Amino acid sequence: MTILNVEKRLIKLKINNFNHMNRRIIILVLAIFAGGAVCTLQARDSPFTRKGTGPRYWIAYEYCWVTNTPIPEDRWKANIDWVSMNFKSYGYDMICNDGWIEAAQTINKDGYITKYNDEWQHGFSYWADYLSQKEMKLGVYYNPLWMTKAAFQQNGNVKGTTIHTREIVGDISFNAPLYWIDVDKPGAKEWIQGYVTYFIETGAKYLRVDFLENYEKNYGTAKYIKALQWIKEAAGNDLFLSLVMPNCFDHGRNELKYGDMIRIDDDCFDGGWEFVSNRRRGEQKPLWPQYANAFDGFIGFADIGGRGQMILDGDFMRLNTMANDKERKFLFSLMVITGSALAIADQFDTIEKSAWIYQNAELLELNENGFVAKPLSYDHKDIEKSSIWAGQLPNGDWVVGLFNREETTQIRRIDFEKELGIEGGITKNVRCLWQHTDLGTMTGGYSVELEPHECQIIKIETPYRKYETEFASMINTHKSSLNFRYSGNGYVSGFDKGGSLLTAVEIPEDGMYQLQIRYGNSSGATATGSLYINDQKHAQQLRMLNLKNKNEWGDLTVNISIKSGINYINIQKDAQDNGLFSIDFIQIQ
């Protein structure tokens, strides 16, 4: 959420003072079991979700929040030039306006806003061109479900129809300058999709759609879903959809279908350690914001983050609000390792000497490679394991984040074999990504003593391409640890519900390879599934023989042809399959 041009303290109170009495929303309960979260969720498939990680960009939030006014155009330009000079070469290639949008009442003949603020000289198209000349992109903050007061008063035809704009507004407005569109009214679809198309035509590559909980609260979940579906259809693969302030009922089921990225925690606001880790720590609400700090939000939604799922957005980074460099590195490391958007909110005259944090090339490479880690435990009460995050790069190497959220010195350790499934716990090399130093070959595990609010990020090189499925993208499937003798930190179950498992693997050269699948099946029948390589279905159905008991694991080997570079391997249940199996790991040989 971004606060609009109203008194900040009042809005803060309103955000947290929801009236549950009149909600026209069915709140579904997600059951969390000891073996993992059991749910059936379908994700939007787009180039952005396939990459798995969020964009790197600058956002105008800080100035607007601190001053409670829209950012002036000259300051906007100054920040663009600063980002271009200092961060573009590190992949921060987009600039986005933020809220305080009520004063955007300058409209075109179709009723769509043409610029961020009436006092600005230039509009979105101008700034898209300006950024393009710098090899950068424009992101736009706006909700296509809004209609300005100016468009209402103009009362022109909704583009492509003979319906007037006043005919499509709802009974409940967002605020005085902005009306909500009622999606059940004729012409609403044309307005909403026309707005999305208009932003694409102005040159925008990213749309930040805010205050979604407000629409769902006032108009109901059915209308909310319809609106998201229309927005997705119009955006296609041309526009990155960032869904902001979503209720995420049923563990984000609706948002997964229609967005590329969701906010998983409350606003940055004044930043600091409260935003990163402490604000309402350990508490979850049934609606927005379910989590008040970034760390809790990432834990809570980590199971639906990753390639082919949803990009998790931890909100903006204001390094100038952190107490010291330890906290700054903690914040940036958390955003990187969870696959979040890397949104700089510091400005040219507020960042002071902290730009180097955003310029860590080894961490930025993780974002570039689509790396998304998961915590060893999804239980917030498990302080140690939920503070250790791990994941695999497409080449099979591991990256582990060791975090200390506490106010006392803590030991954080990772067991290479028991928790990562590295055979014999033997590594080729361990490297610290903040010190940019090789620590050498290690066996068994790694342990570090961390001061309060300190972290360490290590990269672990292994001699083979073995991929632990509990750290991959579990789409309609879930991590489990109920059975025994599995490799690593768990295995993946739930394929019989129509689920799939997506793993990105990097291969040095084209050729025929053997795919080894370590599976479990104690169903009493041969388990069947389907294999896809880069979206192409493999001719051979996966057939996994029944095993003696649930604690036994079998191996299935499939010959596959794959190309050099990154390949996507998907194991799933199709209509002709029974999905009566679990997957422990896959290995490419």
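Above this text you will find the structure in question.
Quick summary incoming for the structure in this document.

So, how was this worked out
Residues numbered from 1 in each chain as written. Predicted model: local features only at pLDDT ≥ 70, side-chain atom pairs only at ≥ 80, totals over all residues. Heavy atoms only, no water. Helix = DSSP H or I, 4+ residues; strand = E, 2+ residues; numbered from the N terminus. Buried < 20%, exposed > 50% of the residue type's maximum accessible area, 1.4 Å probe, protein only. Contact = heavy atoms within 4.5 Å. Areas by Shrake-Rupley, 256 points an atom, 1.4 Å probe, with all protein chains shown as cover. Lys, Arg positive; Asp, Glu negative; His and termini not counted. Charge placed at Lys NZ, Arg CZ, Asp CG, Glu CD. Pairing = 2+ DSSP bridges. Axes fitted to C-alpha atoms, helices over the stretch in contact; angles between N-to-C directions. Core = buried A, V, L, I, M, F, W, Y, C linked by side-chain atoms within 4.5 Å. Parallel < 35°, antiparallel > 145°, perpendicular 65-115°, else oblique. Phe/Tyr/Trp six-rings, centres within 6.5 Å; stacked < 30°, edge-to-face > 60°. Lys NZ or Arg CZ within 6 Å of the ring centre and 35° of its normal. Expected span 1.5 Å × (residues − 1). Salt bridge = Lys/Arg side-chain N within 4 Å of Asp/Glu carboxyl O.

**Thoughts on the overall build of the protein chain**
When its secondary structure is counted, the protein chain shows 15 helices and 33 strands. For the protein chain, the spread of C-alpha atoms along the principal axes amounts to about 70 × 55 × 50 Å. Expressed as a percentage of the 589 residues in the protein chain, the buried residues total 63%. Of all intrachain contacts in the protein chain linking residues separated by at least 6 positions in sequence, the fraction that spans at least 24 positions is 74%. For the protein chain, the exposed area adds up to about 21,800 Å²; of that, 48% sits on carbon and sulfur atoms. Separation between the mean location of the 63 positive side-chain charges and that of the 73 negative ones in the protein chain comes to 3 Å.

**Looking at the sheet that holds strand β6 (residues 146-148)**
By way of backbone hydrogen bonds, the strands of a sheet pair with one another, either parallel or antiparallel. Here we have three strands laid out as an open sheet, ordered β6-β8-β7, and antiparallel in their pairing. If you trace the sheet from one side to the other, it starts and ends with β6 and β7 (169-175), each paired once. Ignoring strand direction, the axes of neighbouring strands in this sheet form an average angle of 40°. One ladder, built from three bridges, connects β7 with strand β8 (residues 178-181); its direction is antiparallel. Pairing of Ser173 across the sheet is with Tyr179, part of β8.

**Let's talk about the sheet that holds strand β12 (residues 311-313)**
Strand order across the open sheet formed by eight strands is β12-β11-β10-β9-β5-β4-β3-β13, with parallel pairing between neighbours. Strand pairing shows two members of the sheet lacking a second neighbour, β12 and β13 (342-344), which therefore form its edges. Across the sheet, the mean angle from the axis of one strand to that of its neighbour is 25°, orientation sign disregarded. Where strand β3 (residues 56-59) meets β13, three bridges bridge the pair, whose relative direction is parallel. By the bridge assignment, Trp58 is partnered in β13 with Ile344.

**With respect to the nonpolar core**
Grouped together as the largest cluster of nonpolar side chains are 139 residues, with contacts concentrated most on Trp76, Trp191, Phe199 and Phe332. Once residues within four sequence positions are removed from consideration, Phe199 is found in contact with Ile113, Phe124, Val140, Tyr142, Ala204 and Leu207. Membership of the second largest hydrophobic core comes to 28 residues, among which are Ile507, Ile517, Leu556 and Ile571.

**Some points on the pairing of strand β15 (residues 388-392)**
Moving residue by residue along a regular strand, the side chains alternate between the two faces of the sheet. Among the five residues of β15, five are classified as buried, and the element is accordingly described as predominantly covered. Across two bridges, the pairing between strand β14 (residues 374-375) and β15 is antiparallel. Counterpart to Lys374 in the pairing with β15 is Ala390. Here five bridges tie β15 to strand β16 (residues 398-403), and the two strands are oriented antiparallel to one another. Paired with Gly391 across the strands is Val399, a residue of β16.

**Comments concerning the packing of helix α8 (residues 212-219) against helix α9 (residues 221-235)**
In a packed pair of helices, the relevant descriptors are the angle between the two axes and the axis-to-axis distance. Between α8 and α9, the shortest axis-to-axis distance is 7 Å and the interhelical angle comes to 135°. Relative to α9, the element α8 lies oblique. Counting all contacts with α8, which are made through Leu212, Tyr215, Glu216 and Tyr219, the residues of α9 involved are Thr221, Lys223, Tyr224 and Leu228.

**Observations regarding the packing of aromatic side chains**
One pass over the structure, following the stated rule, counts 52 aromatic pairs. Look at Trp120 and Trp127: their rings are 6.4 Å apart centre to centre, the planes differ by 70°, and that puts the pair in the edge-to-face class. Judged on exposure class, the residue Trp120 and its partner Trp127 are both buried. With a centroid separation of 5.8 Å and 75° between ring planes, the pair formed by Phe332 and Tyr358 is classed as edge-to-face. One end of the pair, Phe332, is in helix α13 (residues 325-337); the other, Tyr358, is in helix α14 (residues 355-358), and 26 residues separate them in sequence. Summarising the burial analysis for this pair, Phe332 and Tyr358 share the class buried. Stacked on the ring of Tyr568, the Lys or Arg Arg50 has its end atom at 5.5 Å from the ring centre. Its end group placed over the ring of Phe585, Lys466 keeps NZ or CZ at 4.4 Å from the ring centre.

**Considerations on helix α4 (residues 73-86)**
Spanning 14 residues, α4 covers 20 Å between terminal C-alpha atoms, matching the ideal 20 Å at 1.5 Å per step. In the core, the buried residues of α4 are packed alongside β3, α3 (61-67), β4 (94-96), α5 (124-133) and β5 (137-141).

**Description of the pattern of salt bridges**
Under the definition given, this model contains 32 salt bridges. Here Asp45 and Arg50 are joined by a salt bridge, their closest N and O atoms 3.1 Å apart. Judged by its relative accessible area of 52%, Asp45 is exposed. The salt bridge involving Asp81 is made with Lys77; its shortest N-O contact spans 2.8 Å. Here Lys77 and Asp81 lie together in helix α4, a separation of four residues that amounts to about one turn. A relative accessible area of 23% places Asp81 in the partly exposed class. Overlapping salt bridges bring together Arg208, Arg263, Asp267, Asp313 and Asp315 as one network.

**Regarding the packing of α9 against helix α10 (residues 249-258)**
It is the contact of α9 with α10, at a shortest axis distance of 8 Å, that shows an interaxial angle of 25°. As judged from the angle between their axes, α9 and α10 are roughly parallel. Residue-level inspection shows Thr221, Tyr224, Ile225, Leu228, Gln229 and Lys232 of α9 in contact with α10, the latter providing Asn254, Glu255, Lys257 and Tyr258.

**Considering the environment of Gln121**
Note that Gln121 resides in the loop between β4 and α5. Note on Gln121: relative accessible area 64%, which makes it exposed.

**Regarding α9**
At 3.6 residues per turn, the α-helix brings residues three or four places apart onto the same side. Under the 1.5 Å per step criterion, the end-to-end length of α9 is 21 Å for 15 residues, consistent within 8% with the ideal 21 Å. Considered for burial, the residues of α9 that qualify are Thr221, Lys223, Tyr224, Ala227, Leu228, Trp230, Ile231, Ala234 and Ala235. Along its buried surface, α9 packs onto α7 (188-202), α8, β10 (240-243) and α10. At the exit of α9 stands Gly236, carrying a positive phi of roughly 55°.

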